Amino acid sequence: MKNKYQPAEFEKNWLEKWKKEKLNVFDPNSDKKKYYSLVELPYTSGDLHIGHWFAFTAPDVLSRFKRMSGFNVFFPMGYDAFGLPAENAAIKHKIHPKDWTMKNIETMTNQFQQVGTMIDWDWMTITCLQEYYRWNQWIFLKLYEKGLAYRGKAMSNWCERDQTVLANENIENGRCWRCGEVVVQKEVEQWFLKITEYAEKLIWPENPQVDWPAAVRAGQNNWIGKKEGVLIKHKAKDLNIEFETFSAFPAWLWADTYIAIAPEHPLVERLVAGTAQEKEVKIFVKKMKQKTAEQRLKEIDTKEGVFTGRYARDPFGGEDMPIWVANFALMDFGTGIIRCSAHDTRDYEFAKKYKIKLKEVVDRIDPDYPISAHGNRGVLKNSGPFAGKKVEENIEKIVDWIVKEKIGKRHFNYHIRDWSISRQRYWGTPVPMIHCPKDGMIAVPYENLPVELPYEVDFTPHGKPPLATNAKWLHVKCPKCGGAAKRDAETLDTFFDSAWYWLRYLNPKYEKGPFDLKRAEKFTPVDIYFGGAEHTLGHTLYARFFTKFFKNLGLLDHDEFALKRVQHGIVLGPDGNKMSKSKGNVINPDSAVAEYGSDTVRLYLCFMMPYEGTGPWSDQTIAGVNRFLTRVWNIFQSYSSSSNDKKLFIKLQKTIKKVTSDIKNIKMNTAIAAMMEFLNDWERNPGGISKDGSKKFLQILAPFAPFITEEIWRNVMKEKQSIHLSDWPKLERIIEEEIVIPVQVNGKVRNTIKISQDMIKDQKAVEKIAAAEGKVKKYLTGKTYKTIYVPGKILNFILL
RNA sequence: GCCGCGGUGGUGGAAUGGUAUACACGAAGGCCUUAAGAGCCUUUGUCUUCAAAAGACGUGAGCGUUCGAGUCGCUCCCGCGGCACCA
C-alpha cells in the first residue's frame, strides 16, 4: 500500500525545517554572481489577496531557478505602508493609522510565509518606519538643494473627499485613484518636483539598452508627450503686450486668421481692460473658472468663446488677427494661446460658429481629403516664399526660414507636468521644511533629521493639514534666526516612498545615508522587475526619475534601475468579473491552500495563463493541476530504477531544455506543460528512467513545487542537502538515432517518414525514401517535380 | 482621433517562416465499484461518409511575398488598454 499525497502533512514541516537550516538566508558578501529579482512592494491593505500570490509566484519560480543555477539571488520584500487608506480605516474604526498598518503587516507576512517563497524576511523594508522615511526627507532636501523641489501656487487637482491634491498621474478618468471622487480644480499652494527638467532624459529611445515592454515605453513617451515645433512671437495691436504661440504644424502658419486664449490666462485681464467687451469677457472667464475639470471636458464639444475686442499683428503678413477667449484653449498646453486656422477641425468649427474669417493655404491633391486634417499632404499657396511648394518636402525649410526671419524659434513642447508631491494629510512623510516669518522658507538641516511624524494628531479631515493640529510638533525655532517658526505641515505623496525603495532593501538599517553605496554598486541595477500595468505612468516613471537624479548626485552609475520589466495580469473571480467583496467572487488563498496545499496553488497560478494574462480562477483547472502533482507523488512512491529507456531519456533532456528556457522567459505555463508531457510518457514506462534521470525531473519541478519535490528528494531519494540548493541539471548531448520529418507535396503534408540520423544530410537518400512511401508515391507517379529540403526539418515536393 | 497590445477548438491557451490546435479543462463512451466519488483507458476542429479509408475546409476579412504563412508586408474589421479639443 503506497502513501497518499497529503501535502498538509509535510508542507508545514518543511517551512520549519528550512527556517532552521537557513535555506533562504541571503548573503550579501557572497562571491557568486548576483541576481536581483524584484516585485513591486504591496500596499498594506490587510488581507493577502490571490492577486498578490499570482504576482509573486512566477518571480519566486525564477528566483529559485536562478539560485539553483549558481547565482546569489536577492529576492526581498517590503511594504508600501504610508497612505490614505490607513487614515480612512483609522477614522472608520477609531484605531490609529500606525497600529492599523502594523497589524496588517503582521497578518500579511504570516500569510505570505505559508506559500513557500524564497523571500528572506530579514531584509524587509517598511516605508512608514522612521528608519525609512527619514531618508525620504534626506532625498527631498537634496532635491530642494538642486532646485528640483519647489513650492508653487497652482491650479491643482483636488479631491474633496480625501481633502488633498493629486498628481496628474493619480487621476483615472477624471476621478481620484484612491477613492473615486470626481477631481476638481482648486488653487493650492504646494510642493512640486521638477520632473519636467528630466523629461528629455526620461524619453525612451527606439531601441533601449534595457528590456522593457513596448507598451510601457510607448505609454511613458506618450505621457511625456514631446512635440517638436516652433514658438511664434506676437504683438498685440495698440497695446504693449507680447506673447508667444506654439505650433507643431509650421506649414499651416500662413493660414492662421485668429487667436484663441485660455480663459485662465493671466494676459486676458490686461487685454480686455478698457474695451467694450470687457464686461462680457469677465463674465465668461468667471463662468469657466467655476466649472470642474470634468465639466469643462464634457462641455468642450460645444465650442464657446468671446471676442476680446483686441487684435494681434500677424508676423506672417496676414491681416490683423482677432483675439478670442475660448473654452478649447487649455492653460496647461503649449503657451495657453493658439494661432487658429481653417486647417484644424476644432479651430474651423469655432470660426464657423462665430463667423470669423478663414483662409486656406493648401491645394489639396485629393479633393476628398478633408481640409481640416493634420498631415503634410498637398501644395502650399499664399505662403510667402513657400507658395507653390509641396508641404511634406518643406517643413524643415519653413522652420529654418522662421528662425532666420526672427518670427519665432524652434521649440519642444512637453505634455508632462511637474509632479505634485505634497499631500494635506497625516499618514505620510513630513516635509522637512520650516516656515519662518522673518527668514521665509528654511530647510531643516540634515543633522536635525528625521522630522518625526508625531503620533498624536487629529487626523479627521477638516480642510487643514492634520499635522498642524499638534501644536507641540508644529512650533519650532527657526534654524537660521532662532525665532518662532512653524514646520511645514504637509506630507509627501506615497509615490515618493516607492521611487527608491529597492535601494533601501539592500541594507534597510543603514544609517549613513539613504542607501548603502557599496551594496548598490554590487547589486543594482535590478535584474528583473515584476509589477502591475497600472504603474506604467506613475510609479515606474517616478522610479526612473529618481534613478537619474541619483546618478546626477553621483550615488548611482546607471540610468535605468531595472534591466527588465515584466507586467503581470489579473486573476479574475470564477465568474469572470474582477474580484470584489460586494460581488462575492473573491478567492481566498488560505482556503485554496487548505484544500490542495501550497504547491498546487503555486503550480496552478503559473499554469492557468501566461503571467501577463488576465483571466478567471477555475476550480476545475486547479483540480487538474493537483492531479498532476498526485501522479508525480505516486510514480515516486512505486519508483524503482531499472533500465534506461532511450526514448524517455531523450524526452527528459528535451524537457529540461524547454523548462530552462521557459523559466528564463517567464513562460511558466508552457514549462509546466512540458513537465506534464514528460510525466505522461514516463507513466507508460515507469521503470524506463534511471534514478539520476528521475532526480533531474524533480529538480526542474522544484522551483514550481518546492514542498513536494523536497519531500521526495530527501525522504524517498534520501538526499542530505535541500533540493533547492542542488545544481540545476545540465543538458546532456543527445543523439537521436531516428528522426521523423514531414513530407509535403505542393506545400501540403501528405506523409511523415522516419530517417536515421546519418542520413539527414543526404538529400537524395531522403527523397528516395519519401517518394516511395505511402500517399506521396501516388501523388508523384508520372509527374515531374522539384524538391525543397530543409535537413532534418521538412521535405517538400513541388509538382511542375 | 493618436499610441500600444491582441483576434487560434466548447474553454484557458501552445506553436525560432516548416506536421496548427501542445498541455490542461470540459464533454462523450468504456473499465473498476453494490453505488457514488476517486482512479484508469479511449474519443474529442468543421464538413463529405453508416463507418473506415480518403479527401476538402480551417488561426477576424481580403490581397500580397514564399516551395511553404497563425507567424512577414499591405488594406480593412473587431476587441482590450492608455492618451486626447495636444495647438
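It should be emphasised that the depicted structure is a prediction, and the values quoted were computed from it without experimental measurement.

1. A closer look at empty space enclosed by the protein
Then comes step 1: With the rule as written, the count across this model stands at six cavities of 30 Å³ or more.
Then comes step 2: Each pocket or cavity is described by its volume, and for the largest cavity that value is around 170 Å³.
Then comes step 3: Lining the largest cavity we find 19 residues, and of these Gly83, Leu84, Arg423, Asp493 and Thr494 sit closest to its centre.
Then comes step 4: Among the elements of the structure, α3 (84–93), β6 (164–166) and β25 (491–492) are those that each provide at least two residues to the lining of the largest cavity.

2. Remarks on helix α11 (residues 345–354)
Then comes step 1: Of the positions making up α11, those classed as buried are Asp347, Phe350 and Ala351. Projected down its long axis, α11 carries its buried residues within an arc of 100°, all on one side.
Then comes step 2: Where α11 is buried, its residues meet β12 (258–261), β13 (305–312), β14 (321–326) and β15 (337–340).
Then comes step 3: Two to three positions downstream of the cap, the backbone nitrogen of Arg346 sits 2.9 Å from a side-chain oxygen, assigning the N-cap of α11 to Asp344.

3. Section: the protein's contact with RNA strand B
Then comes step 1: Around RNA strand B, the structure places 56 residues, and the nearest of them are Lys227, Ile300, Lys303, Phe333 and Arg627.
Then comes step 2: Side-chain polar atom of Arg346 to a sugar or linking oxygen of RNA strand B: 2.8 Å apart, as the coordinates give it.
Then comes step 3: Measuring from a phosphate oxygen of RNA strand B, one finds a side-chain N or O atom of Lys748 at 3.1 Å.
Then comes step 4: A total of six residues in the surface near RNA strand B trace back to one element, the largest contributor, which is helix α22 (residues 668–684).

4. As for the pairing of strand β5 (residues 149–159)
Then comes step 1: The pairing of β5 with strand β9 (residues 183–193) spans eleven bridges and is antiparallel. Looking at β9, one finds that Cys159 is bridged to Val183.
Then comes step 2: Of the pairings in the sheet, the one linking β5 to β6 comprises three bridges and is antiparallel in character. Across the sheet, the residue bridging to Cys159 is Thr164, located in β6.
Then comes step 3: Connecting the antiparallel pair β5 and β6 is a turn made up of four residues, with Gln163 showing a positive phi of about 55°.

5. A short note on the sheet that holds strand β21 (residues 433–436)
Then comes step 1: With respect to topology, four strands assemble into an open sheet ordered β22-β21-β24-β23, the strand pairing being antiparallel. Two strands in the sheet have a free side with no partner beyond their single neighbour: β22 (440–443) and β23 (475–477). Ignoring strand direction, the axes of neighbouring strands in this sheet form an average angle of 40°.
Then comes step 2: In terms of strand pairing, β23 meets strand β24 (residues 484–487) through three bridges, oriented antiparallel. Bridging across to β24, Val476 finds its partner in Ala485.

6. Things to note about a positive patch on the surface
Then comes step 1: A surface patch of like charges, here positive, comprises Lys233, Lys235, Lys406 and Lys409.
Then comes step 2: Note on placement: Lys233 falls in strand β10 (residues 227–235).

7. Let's talk about the UniProt feature "domain: Methionyl/Leucyl tRNA synthetase" (unreviewed entry) in chain A
Then comes step 1: With numbering aligned to this structure, UniProt lists the feature "domain: Methionyl/Leucyl tRNA synthetase" (unreviewed entry) at residues 564–617.
Then comes step 2: Annotated as 33% helix and 15% strand, the span residues 564–617 places its first and last C-alpha atoms 28 Å apart.

8. Some details on the nonpolar core
Here is a general trend for soluble globular proteins: nonpolar side chains tend to be buried in one another's company.
Then comes step 1: If you look at the biggest cluster of nonpolar residues, it comprises 175 residues, and the most contacted ones within it are Phe546 and Phe704.
Then comes step 2: In terms of residue count, helix α2 (residues 50–68) provides more of this core than any other element does, ten residues in total.
Then comes step 3: Setting aside residues up to four positions removed in sequence, Phe546 forms contacts with Ile139, Leu143, Leu193, Trp419, Phe496, Ala499 and Trp500.
Then comes step 4: Of all hydrophobic cores here, the second largest spans 19 residues; its members include Leu267, Phe284, Ile323 and Val325.

9. Things to note about the layout of surface pockets
Then comes step 1: In this structure, the second largest pocket encloses a volume near 700 Å³.
Then comes step 2: Along its surface, the second largest pocket is lined by 29 residues, and Leu15, Glu16, Lys19, Gln113 and Gln114 are the ones closest to its centre.
Then comes step 3: Only α1 (7–21), α4 (97–114) and α18 (589–596) provide two or more residues apiece to the lining of the second largest pocket.
Then comes step 4: A per-class count over the lining of the second largest pocket returns 13 nonpolar, eight polar and eight charged.
Then comes step 5: Built from parts of two domains, the lining of the second largest pocket gets at least three residues from each of domain 1 (7–138 + 498–572) and domain 5 (581–725).

10. Quick look at the packing of α2 against helix α19 (residues 598–607)
A pair of packed helices is captured by two measures, namely the crossing angle of their axes and the spacing between those axes.
Then comes step 1: Packing of α2 against α19 brings their axes to within 9 Å, and their N-to-C directions diverge by 90°. As summarised for this structure, α2 and α19 are arranged roughly perpendicular, according to the angle between their axes. Along its contact with α2, which presents Ile50, Trp53, Phe54, Thr57, Ala58, Asp60, Val61 and Arg64, the element α19 presents Val601, Arg602, Leu605 and Cys606.
Then comes step 2: Of the residues assigned to the contact of α2 with α19, the class counts are eight nonpolar, one polar and three charged.

11. Quick word on the pattern of salt bridges
Then comes step 1: This structure, assessed with the given rule, holds 40 salt bridges.
Then comes step 2: Among the ionic pairs, Glu683 bridges to Arg631, the shortest N-O distance being 3.0 Å. On the criterion of sequence distance, the pair formed by Glu683 in helix α22 and Arg631 in helix α20 (residues 619–637) is long-range, its members being 52 residues apart.
Then comes step 3: It is possible to trace a salt-bridge network through shared partners that takes in Arg151, Glu189, Asp488 and Glu490.

Conventions adopted
Residues numbered from 1 in each chain as written. Chains lettered and ligands numbered in written order. Predicted model: local features only at pLDDT ≥ 70, side-chain atom pairs only at ≥ 80, totals over all residues. Heavy atoms only, no water. 1 Å grid on protein atoms, 1.4 Å probe; cavity = no way out; pocket = protein on both sides within 12 Å on 5 of 7 lines; lining within 4 Å. Points joined across faces, edges and corners; volume = space filled by probe spheres on them. Helix = DSSP H or I, 4+ residues; strand = E, 2+ residues; numbered from the N terminus. Buried < 20%, exposed > 50% of the residue type's maximum accessible area, 1.4 Å probe, protein only. Arc of directions from axis to C-beta. Contact = heavy atoms within 4.5 Å. Polar contact = N/O pair within 3.5 Å; in protein donor to acceptor, adjacent residues only side chain to side chain. Near = heavy atom within 4 Å. Pairing = 2+ DSSP bridges. Axes fitted to C-alpha atoms, helices over the stretch in contact; angles between N-to-C directions. Patch = residues over 30% accessible without salt bridge, like charges linked within 9 Å, V, L, I, M, F, W, Y side chains within 5 Å. Areas by Shrake-Rupley, 256 points an atom, 1.4 Å probe, with all protein chains shown as cover. Salt bridge = Lys/Arg side-chain N within 4 Å of Asp/Glu carboxyl O. Lys, Arg positive; Asp, Glu negative; His and termini not counted. Charge placed at Lys NZ, Arg CZ, Asp CG, Glu CD. UniProt positions renumbered as here; feature names shortened; annotations may be inferred. Core = buried A, V, L, I, M, F, W, Y, C linked by side-chain atoms within 4.5 Å. Nonpolar A, V, L, I, M, F, W, Y, C, P; charged D, E, K, R; others polar. Domains from an automatic or database assignment. Parallel < 35°, antiparallel > 145°, perpendicular 65-115°, else oblique.

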